[in-house]
Amino acid sequence: MMNIRKADVSDMLALRDLFQGTIRAVNGKDYNPEQVAAWSGRGNRLSSLERRINTQHFYVAETPEKVIAGFASLEDDGEFDMMFVHKDFQRQGVATLLAEQIIHKAQELKLPALTAYVSITAKPFFEKMGFEVVKAQTVDIDGVMLNNYEMTKKMVI
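Now for a description of the structure that goes with this document. Computed from a predicted model, the values in this text were never measured in an experiment.

Criteria and thresholds
Residue positions are given per chain, counted from 1 along the sequence in the order it is written. Owing to the predicted nature of the model, reporting of local features is limited to residues with pLDDT of at least 70; listing and counting of side-chain atom pairs is limited to 80 or more, with chain, interface and lining totals taken over all residues. With hydrogens and water excluded, all non-hydrogen atoms of the structure serve as input to the side-chain values. Per the convention used, a helix needs a DSSP run of H or I reaching at least four residues, while a strand needs a run of E reaching at least two, with both numbered from the N terminus. Note that the radius of gyration is over C-alpha atoms, with the globule rule given as 2.2 Å times the number of residues to the power 0.38. When accessible area is computed with a 1.4 Å probe and restricted to protein chains, residues below 20% of their type maximum are described as buried, those above 50% as exposed, and intermediate ones as partly exposed. Should any heavy atoms of two residues lie within 4.5 Å, those residues are counted as being in contact. Asp and Glu are treated as the negative residues and Lys and Arg as the positive ones, with His and the ends of the chain left uncounted. By convention, the charge on Lys lies at NZ, on Arg at CZ, on Asp at CG and on Glu at CD. An expected span of 1.5 Å times one less than the residue number is assigned to each helix. Here, axes are lines fitted to C-alpha atoms. For helices the fit covers the stretch in contact, and angles between N-to-C directions go from 0 to 180 degrees. These descriptions rest on fixed angle ranges, namely under 35 degrees for roughly parallel, over 145 for roughly antiparallel, 65 to 115 for roughly perpendicular, and the rest for oblique. If you view the pair so one helix is near and one far, a crossing is left-handed when the near helix is turned anticlockwise from the far one by less than a right angle, and right-handed when it is turned clockwise. Three classes are used, and their members are as follows: Ala, Val, Leu, Ile, Met, Phe, Trp, Tyr, Cys and Pro are nonpolar, Asp, Glu, Lys and Arg are charged, and the others, Gly among them, are polar. A pairing counts as a salt bridge when a side-chain nitrogen of Lys or Arg comes within 4 Å of a carboxyl oxygen of Asp or Glu.

What the protein contains, in helices and strands, is five helices and seven strands. When its helices and strands are written in sequence order, the protein yields β-α-α-α-β-β-β-α-β-α-β-β. In summary, the protein has a C-alpha radius of gyration of 15 Å against a globular reference of 15 Å for 157 residues, a match within 12%. Over its C-alpha atoms, taken along the principal directions, the protein stretches across nearly 40 × 40 × 30 Å. Counting all 157 residues of the protein, 46% fall into the buried class. Residue pairs at least 24 apart in sequence account for 65% of intrachain contacts in the protein once pairs closer than 6 positions are excluded. Taking the average location of the 19 positive side-chain charges in the protein and that of its 21 negative ones, the two points are 2 Å from each other.

See below:
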């Protein structure tokens, strides 16, 4: 049984490792090694992660043994910013629990819609959660181009 709780700055190193490990192990099937290296390298920017923990609605899913299985975050403006599930906890409902927490928070905040920028890997999951593709796009991560999708979900308030 997973517990969903607010992230804390003390979680930063575990979150960084989860972020990097998931990109390397899971997203590697949809992105080439150069793209994986650039994207996972973003995890080393701990000040960016700390800012997100302190300013966003940032949640972790953890096991009864206190192992962080995934995390997700929401900006006040409705951007579903981050969601990553540990490679060892894929396809176990962790992403659904986290997405439901973000959607619940968005309803609480009376947001009219959520916007997410999702990887090729995550697109089918977000579609299952009711998000629709606004556009496919290419983003520049430290000089390396990656394809992803802008997706949106209209909220029922």
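It is worth spelling out helix α1 (residues 12–25) at this point. For an α-helix, the turn length of 3.6 residues means that residues three or four places apart are oriented alike. An ideal rise of 1.5 Å per residue puts 20 Å on 14 residues; α1 measures up with 20 Å between its terminal C-alpha atoms. Buried residues of α1: M12, L15, L18, F19, Q20, T22 and I23, and no others.

Attention now moves to the packing of α1 against helix α3 (residues 46–55). For the pair α1 and α3, the least separation of the axes is 10 Å and the interaxial angle reads 115°. The orientation of α1 with respect to α3, classified from their angle, is roughly perpendicular. Along this stretch, α1 crosses α3, giving a crossing that reads as right-handed. Between α1, through M12, L13, L15 and R16, and α3, the contact on the second element is made entirely by L46, L49, E50 and I53. A breakdown of the residues in the contact of α1 with α3 according to their chemical character gives six nonpolar, no polar and two charged.

We now examine the pattern of salt bridges. Within the structure shown, the criterion is met by 11 salt bridges. R5 is the salt-bridge partner of D11, the closest N and O atoms lying 2.9 Å from each other. In this structure, E127 engages K123 in a salt bridge whose closest nitrogen and oxygen atoms are separated by 3.1 Å. With E127 and K123 both in helix α5 (residues 123–128), this residue pair falls four residues apart, about one helical turn.

Another point: the packing of α1 against helix α2 (residues 33–41). At a minimum axis distance of 9 Å, the contact between α1 and α2 shows a crossing angle of 170°. With respect to α2, the element α1 is oriented roughly antiparallel. Across the interface between the two elements, F19, Q20, I23 and R24 from α1 touch V36, W39, S40 and G41 from α2. Its residues assigned to classes, the contact of α1 with α2 comprises four nonpolar, three polar and one charged.

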